[in-house]
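Structural characterization, general
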Amino acid sequence: MAESTVEARSADLEREAGYRVVQRTIMRVDQELDIRPLYVGGISTIGGTSEGARQSGQYADDDTTISKKGKDTKEVGDAAEAIGGFGRITEVGAVVLPERRMTFGTYFNAFPASYWRRWSDFTSVRLTMRVSGHGTVIVNRSTSKGHVLRQDARTLASDSTQTFVFDLSLKPFIDGGWYWFDLEAADLPFTLVSADWSIRTDRQRQGTLSIGITTVDRQEFCVDQLLNLGDQPDVLELLEKIYVIDQGTSRVRDHERYAEAAGKLGDKLRVIEQANLGGSGGFSRAMDEAANHGSADYVLLLDDDVVCELEGITRAIAFADLAKRPTIVGGHMFSLYDRSVLHTYGEQVARYRWFWGPAPNTYHGHNFARKPLRSTKWLHRRVDVDYNGWWMCLVPTAVIREIGLSAPMFIKWDDAEFGLRAGQAGYPTVSLPGVAVWHVPWHEKDDTIDWQAYFHRRNRIIAALLYSPYPHGGRLIWESYQTQVKHLLCMQYGPAEMGILAIEDILDGPDRMHRDLISRFGELRAMRQTFDDSILKPDLDEFPTPRRKRPPRRGKLMVTPKTRAGRVKALVTGSIRQTLPPRALSRSHPEANVSHADSKWFTLAQFDSALVSSADGTSTAWYKRRPDQFRELMSRSSVAHTRLYKEWDRIAKEYQEALHDLSSPKAWRETFDTPLQDRSGPS
């Protein structure tokens, strides 16, 4: 309570001086140890930043870096260690133990100076701190190359609380860089009571906010999120409405703690129940309500299954309020299972492949518990993005009113398409460091082989038809065809059928997209059940025991090719195998158990049947090689991709001309108003 009072007094003083607080330092007593490295750390050694630089798209291996000779070498840098040996977070603030050093050069507490330099007109930022005790405040900055520079320092030897003010230039941050501060105690403890970063501006009004949460049968997550929001006075002060778009069969209203959440939020909460129209349908409903029926300046799109760092909401609003032009402000995504791991730092669409992925010079899976911000070189470059995932994304309602709602894509690529469309209209997207949620990571799912495979393929191609600068989408059609071949070599006939269906639906033209939003899922679900690879069972004992008439050659059940020539050989032999009759015993007994990690095309192509586990480890399917299905699906795949290539220009023009109407509130409201009994969606 004392901490909140001090922060409020500090913010009031800043406002009186014409400064607006844009980022407050987060210090929580009850913070769990696994996420504490995201907020504060101790420093035991001081050195240079890491030397390694890796190619885009690789996963970060935080213990090592790739040297110029291609060998793994240990990183050299600041060692951020467990906070317990250096100090503690108390009700008073952050207390540094004698002769120890604590750093706030962390993901959530460093100031992302380069983003303010690029996307606002301001030339300086003010750091205001309240400290007491005996020690030194050291202000650091970094360059885009990751070099750490000591910027300023102040020393205190007093038991009374003193205020330090640092006015810091934003000019050196064109390409990247951060500001942060360290606290170094003398022979007695040193305490940080509060700290904030502010901008001098006459734009003191804080933008107002509506929140749109799309949920499908995740009552617990959704209600927990509502309860957390109800406990945040800073957010509630700016909040106009929370729209919960409930598209499930287990309704949020029926949860035992919903009444408690509703009591906290009062008339700021509105639950809208509709059948499942996917993420694009749920978020479009929230965007339409906020932009066209409400008066909020922004709508914050949130997944139902995330845990949000709520301080990030006020940071996102401040950034959007003070940006040069209306700007979409997105949050990063951390793993809900390994909470110090950053899943993605920024995303772009690779234009020639037309596929989403990490922005250049960024990496998936960075673990801040093992490699802190200040000694991770690539994190100091500013990252520009094409879009931000809708796990957390703040969108100005003025932008929505100008460019429309989501395209009717159900799921997949709807956030990317909206970001690309906004960018074409002159509205950038910024994935802002220090704004984030924790979310279930993608590696616990494999939505490229379940019913979502249809939407992956269809929406990727539609997005390319709308925006690709290359004839025929660059490599897109060829990669789509390669995906078909891999599915067929893997005995994944269901996903292959959905890939063909996706292309055939695209060739039918854009007029069917709203209709398919309503009905396609139910049709896909029924179709999948006709394929062996789509019939899942929870227990291996429900299947016959794996058996082979002959033992594997040289005792090797699965052979993994190590070279490109080996993969070519696997492709040739696997393709030939598809034309031959399967071994008789493989019809009554699977030939092997194959874990999800091993279910690559060159592995599964070696079998006539196999038990294959799902990505989340909850179920198994019995894949069976069927030559007749292989020949039919391969032939149809070739025809569909040939048609797509030949008709690309015509189809692209149709989708580009239809996009305005497809994403219009008028078209969406007709879809929202479809009688419930005429809709189908996942249960």
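Look above for the structure.
**Some details on helix H9 (residues 414–424)**
In terms of burial, H9 is a largely internal element, nine of the eleven residues being buried. Along H9, the residues classified as buried are Asp414, Asp415, Ala416, Glu417, Phe418, Gly419, Leu420, Arg421 and Ala422. Gly426 occupies a position one or two residues after H9 and carries a positive phi of about 95 degrees.

**A word on the environment of Asp234**
Inspection of the secondary structure puts Asp234 in helix H4 (residues 233–238). At 2.6 Å, the side chain of Asp234 forms a polar contact with the side chain of Arg24.

**Quick notes on the packing of helix H6 (residues 278–293) against helix H19 (residues 665–672)**
As a packed pair, H6 and H19 sit with axes 11 Å apart at the nearest point and diverge in direction by 120 degrees. Taken as axis vectors, H6 and H19 run oblique relative to one another. Between H6 and H19 lies a crossing whose hand is left-handed. Listed contacts from H19 to Ser280, Gly281, Ser284, Arg285, Asp288, Asn292 and His293 of H6 are Pro665, Trp668, Arg669 and Phe672. Looking at side-chain class alone, the contact of H6 with H19 contains three nonpolar, five polar and three charged residues.

**Let's talk about the nonpolar core**
Counting 101 residues, the largest nonpolar core has Met129, Val137, Tyr179, Phe181, Leu192, Ile242 and Ile313 as the members making the most contacts within it. With ten residues, the top contributor of residues to this core is strand S11 (residues 179–200). Core analysis: the second largest hydrophobic core is formed by 62 residues, Cys393, Ala502, Ala570 and Val612 among them.

**Some thoughts on helix H10 (residues 452–467)**
The end-to-end C-alpha distance of H10 is 22 Å, a good match for the 22 Å that 16 residues give at a rise of 1.5 Å each. Across the 16 residues of H10, 16 count as buried, placing the element largely inside the fold.

**Details of the packing of aromatic side chains**
Scanning all chains against the criterion turns up 32 aromatic pairs. With centroids separated by 5.6 Å and ring planes inclined at 75 degrees, the aromatic side chains of Phe283 and Trp390 adopt a geometry described as edge-to-face. Of this pair, Phe283 sits in helix H6 while Trp390 sits in the loop between strand S21 (366–367) and strand S22 (392–396), and the two are 107 residues apart along the sequence. The buried category is assigned to Trp390, whose relative accessible area is 4%. When the centroid spacing of 6.1 Å and the interplanar angle of 85 degrees are considered together, the rings of Trp451 and Phe455 count as edge-to-face. For the residue pair Trp451 and Phe455, the accessibility class agrees, reading buried in each case. Every member of this aromatic cluster is reached through a ring pair, and the members are Tyr39, Tyr107, Phe108, Phe334, Phe368 and Trp438. For the cation-ring pair, Arg141 lies above Phe173, with the distance from its terminal atom to the ring centre recorded as 5.8 Å. Over the ring of Phe543 we find Lys537, and its NZ or CZ is 5.3 Å from the ring centre.

**Topic: the pattern of salt bridges**
It is possible for side chains of opposite charge to pair when their charged atoms get near one another. Per the stated rule, a full pass over the model turns up 46 salt bridges. Here Asp321 ties to Arg20 by a salt bridge, and the two come within 2.6 Å at their closest N and O atoms. With a gap of 301 residues between them, Asp321 in helix H7 (residues 311–322) and Arg20 in strand S1 (residues 19–24) connect regions that are remote in the sequence. Accessibility classification places Asp321 together with Arg20 in one group, the buried group. Between Glu273 and Arg251 there is a salt bridge whose closest N-O contact spans 3.9 Å. Residue Glu273 is located in strand S14 (residues 269–273), and its partner Arg251 is located in the loop between strand S13 (239–246) and helix H5 (258–265); the two are separated by 22 residues in the primary sequence. The class of Arg251 is buried, set by a relative accessible area of 18%.

**A short note on the packing of helix H3 (residues 219–230) against H5**
Orientation of H3 relative to H5, taken along the N-to-C sense of each, is 30 degrees, at an axis distance of 9 Å. What the angle tells us is that H3 and H5 run roughly parallel. Between H3 and H5 the crossing geometry is left-handed. Side by side, H3 and H5 meet where Val223, Leu226, Leu227, Leu229 and Gly230 of the first sit next to Tyr258, Glu260, Ala261, Lys264 and Leu265 of the second. The class makeup of the residues in the contact of H3 with H5 is seven nonpolar, one polar and two charged.

**Side note on unusual backbone geometry**
Outside of glycine, negative phi angles account for most residues, and trans bonds account for most peptide bonds. The residue Glu99 is not glycine, and still its phi comes out positive at about 55 degrees. Mapped onto the fold, Glu99 is located in the loop between strand S7 (94–96) and strand S8 (101–103). Judged by its relative accessible area of 62%, Glu99 falls in the exposed class. Here Met491, not a glycine, exhibits a phi torsion of approximately 65 degrees, which is positive. Among the structural elements, Met491 can be located in the loop between helix H11 (476–489) and helix H12 (493–508).

**A closer look at the pairing of S14**
Each regular strand displays side chains that alternate between the two surfaces of the sheet. As defined by bridge partners, S13 adjoins S14 across five bridges and the pair is classed as parallel. Across the sheet, residue Ile242 finds its bridge partner in S14, namely Leu269. You can see the chain leave S13, run along H5 and come back into S14, and the turn it takes is right-handed.

**Section: a nonpolar patch on the surface**
Taken together, the side chains of Val568, Val572, Ile576 and Leu580 define a hydrophobic patch exposed on the protein surface, amounting to about 340 Å² of accessible area. Structurally, the position occupied by Ile576 is in helix H14 (residues 564–579).

**Brief notes about the side chain of Gln492**
Relative to the assigned elements, Gln492 resides in the loop between H11 and H12. Ignoring any residue separated from it by four or fewer positions in sequence, one finds Gln492 in contact with Ile449, His487, Asp533 and Tyr623.

**Some words on the sheet that holds strand S27 (residues 620–624)**
Strand pairing in a sheet relies on backbone hydrogen bonds. The paired strands run either parallel or antiparallel. Across the sheet, four strands lie side by side as S24-S27-S26-S25; this open sheet has mixed pairing. Whereas interior strands pair on both sides, the edge strands pair on one side only; in this sheet they are strand S24 (536–537) and strand S25 (593–594).

**Focus on the environment of Tyr243**
Inspection of the secondary structure puts Tyr243 in strand S13. Residue classification places Tyr243 among the buried residues on the basis of a relative accessible area of 4%. Each C-alpha atom, one on Tyr243 and one on Leu301, is 9.7 Å from the other, the two residues being 58 residues apart in sequence. For Tyr243, the contacting residues outside a window of four places in its chain are Ser210, Ile211, Gly212, Ile213, Arg270, Ile272, Ala286, Glu289 and Ala290.

The rules behind each value
Residues numbered from 1 in each chain as written. Predicted model: local features only at pLDDT ≥ 70, side-chain atom pairs only at ≥ 80, totals over all residues. Heavy atoms only, no water. Buried < 20%, exposed > 50% of the residue type's maximum accessible area, 1.4 Å probe, protein only. Helix = DSSP H or I, 4+ residues; strand = E, 2+ residues; numbered from the N terminus. Polar contact = N/O pair within 3.5 Å; in protein donor to acceptor, adjacent residues only side chain to side chain. Axes fitted to C-alpha atoms, helices over the stretch in contact; angles between N-to-C directions. Parallel < 35°, antiparallel > 145°, perpendicular 65-115°, else oblique. Left-handed = near helix turned anticlockwise from the far one by under 90°. Contact = heavy atoms within 4.5 Å. Nonpolar A, V, L, I, M, F, W, Y, C, P; charged D, E, K, R; others polar. Core = buried A, V, L, I, M, F, W, Y, C linked by side-chain atoms within 4.5 Å. Expected span 1.5 Å × (residues − 1). Phe/Tyr/Trp six-rings, centres within 6.5 Å; stacked < 30°, edge-to-face > 60°. Lys NZ or Arg CZ within 6 Å of the ring centre and 35° of its normal. Salt bridge = Lys/Arg side-chain N within 4 Å of Asp/Glu carboxyl O. Pairing = 2+ DSSP bridges. Right-handed = clockwise from strand over helix to strand, strands pointing away. Patch = residues over 30% accessible without salt bridge, like charges linked within 9 Å, V, L, I, M, F, W, Y side chains within 5 Å. Areas by Shrake-Rupley, 256 points an atom, 1.4 Å probe, with all protein chains shown as cover.

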